[in-house]
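Tertiary structure, described
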Amino acid sequence: MDQNKEVEEVKSEVVGAEPEKPGSMAIAAMIVGIVSILCCAVPFLNVIMGAVAVVLGILGLKNIKAKTASSSGKVMAIVGIVLGGVSVIGGIIWIITLGAGYFFTMARSYQNWY
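**Observations regarding unusual backbone geometry**
The phi dihedral of Lys67 falls on the positive side, at around 65°, and the residue is not glycine. You can see Lys67 is positioned in the loop between α3 (43–65) and α4 (74–113). Here Lys67 falls in the exposed class, since its relative accessible area comes to 73%.

Take a look at the structure:
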């Protein structure tokens, strides 16, 4: 009986089998999320790419939940959603900042005319 308690649990694994590959949506979400963060200086591009990363990440998670994709891509999908969200929020702040700067610059130049 003591031997049964001490037996280690062995992971069942087929010898020579390939590991599960993450879903393509999850991989695409992570890649687009990373690129959207790298393109943060381009005001509208990072917002569009961030939104695409969020959508791809959500679709990747839905595929994982529906068992049509491997669960090994769950972290990639979540990273894509987070990076895409950060890119969208940062892009909106960047666009508001640029718009305000442009507005106040134009207001000052208008005052100089009169």
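**Brief notes about helix α2 (residues 24–38)**
Its 15 residues place the ends of α2 21 Å apart at the C-alpha level, agreeing with the 21 Å of an ideal helix rising 1.5 Å per residue. Three or more residues of α2 are buried, namely Ala26, Ala29, Val32, Gly33 and Ser36. With its buried residues spanning 135° around the axis, α2 presents them on a single face. In α2, the exposed residues that point more than 90 degrees away from the buried face are Ser24 and Leu38.

About the cut-offs
- Residues numbered from 1 in each chain as written.
- Predicted model: local features only at pLDDT ≥ 70, side-chain atom pairs only at ≥ 80, totals over all residues.
- Heavy atoms only, no water.
- Helix = DSSP H or I, 4+ residues; strand = E, 2+ residues; numbered from the N terminus.
- Buried < 20%, exposed > 50% of the residue type's maximum accessible area, 1.4 Å probe, protein only.
- Expected span 1.5 Å × (residues − 1).
- Arc of directions from axis to C-beta.

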